[in-house]
Amino acid sequence: MTEWIKYVLEWLKTSPHYFFPITVFCGFILFVPEFVLQPFGLNGPRVIGKSYFGAAFLFSAAVIICSGILCFFAWTREKYRQWIWQRNSIRYLHGLTEEEKIVLRLYLKGQTRSLRLDIHDGIIIGLAQALIISQVSKVGRIGEISEMLFAFNIHQWAWDYLNKHPELVGLSHDKVS
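Everything quoted here is computed from the prediction, not taken from an experiment.

A. Geometry of the nonpolar core. In terms of nonpolar packing, the biggest core is built from 24 residues, with L93, L104, Y107, I132 and I133 touching the most fellow members. Of all the secondary structure elements, the ones that give two or more residues to this core are α6 (98-110), β1 (114-118), α7 (122-129), β4 (148-154) and α8 (156-164). By residue number, the principal contributor to this core is α8, which donates five residues. Beyond its immediate sequence surroundings of up to four residues, L104 is in contact with L93, L96, L127, I132, I133, I154, L162 and V169.

B. Structural detail: the pairing of β4. β4 sits mainly inside the fold: five of its seven residues count as buried. Two strands pair when backbone bridges link them, and β1 and β4 are joined in this way by five bridges, in the antiparallel orientation. Residue L115 lies in a different strand from β4, and its bridge partner there is F152. In this sheet, β4 lies alongside strand β2 (residues 133-135) in antiparallel orientation, the contact comprising three bridges.

C. Region of interest: a nonpolar patch on the surface. On the surface, a cluster of nonpolar side chains totalling about 570 Å² of accessible area is made up of I65, I69, F72, F73 and W75. With respect to the helices, strands and loops of the structure, I65 is situated in helix α5 (residues 50-94).

D. Layout of α8. Listed as buried for α8 are W157, A158, W159, Y161 and L162. Summarising the contacts, the buried residues of α8 are in contact with α5, α6 and β4.

E. Representation of the pattern of salt bridges within the structure. Following the criterion strictly, the structure yields one salt bridge and no others. Where E98 meets R105, a salt bridge forms, and the shortest distance between an N and an O atom there is 3.3 Å. On the basis of relative accessibility, which here comes to 17%, the residue R105 falls in the buried class.

F. Structural view of the packing of α6 against α7. The geometry of α6 relative to α7 is characterised by a closest axis approach of 10 Å and an angle of 75 degrees between their N-to-C directions. Considering the angle they form, α6 stands roughly perpendicular to α7. Where α6 approaches α7, its residues E99, E100, V103 and L104 are matched on the opposing element by I123, I124 and L127. Of the residues belonging to the contact of α6 with α7, the class tally is five nonpolar, no polar and two charged.

What counts as what
Residues numbered from 1 in each chain as written. Predicted model: local features only at pLDDT ≥ 70, side-chain atom pairs only at ≥ 80, totals over all residues. Heavy atoms only, no water. Core = buried A, V, L, I, M, F, W, Y, C linked by side-chain atoms within 4.5 Å. Buried < 20%, exposed > 50% of the residue type's maximum accessible area, 1.4 Å probe, protein only. Helix = DSSP H or I, 4+ residues; strand = E, 2+ residues; numbered from the N terminus. Contact = heavy atoms within 4.5 Å. Pairing = 2+ DSSP bridges. Patch = residues over 30% accessible without salt bridge, like charges linked within 9 Å, V, L, I, M, F, W, Y side chains within 5 Å. Areas by Shrake-Rupley, 256 points an atom, 1.4 Å probe, with all protein chains shown as cover. Salt bridge = Lys/Arg side-chain N within 4 Å of Asp/Glu carboxyl O. Axes fitted to C-alpha atoms, helices over the stretch in contact; angles between N-to-C directions. Parallel < 35°, antiparallel > 145°, perpendicular 65-115°, else oblique. Nonpolar A, V, L, I, M, F, W, Y, C, P; charged D, E, K, R; others polar.

This is the structure:
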């Protein structure tokens, strides 16, 4: 008996997509007129198993509806997290230190999305952890004064925002073009 319950619980963990055909089939059996079922020979099973078809229909429809609701809530939660992250990131850009402004100014003045920067510099690490820039290469080179230079790209959202608001890094709109 317990193995049967385990089997049912394991089956319930399957994807809700598998319940859709069950819902359609049971709904077909329950709700179409008898003359449609006659050629398929399903009038007898309909009469005998109406309660079973009804239970299967209700159960599978409930699973599909619950799955849809859960997907909607997961999507809403993800959109909310993205909104919070973007709001905090923009707040970070409005509170940049002078050293961070100098680094980001290099991107805007050169109109480049990639720079070779020292991986051991705390300013660079801070901007990378704030997801404003990111290291795009694991291969670097040694610079003039023995610093390790790696390629860092500015993220698209930060590039767009800073080009709209160059005053955040101490530039005017006419110096960014």
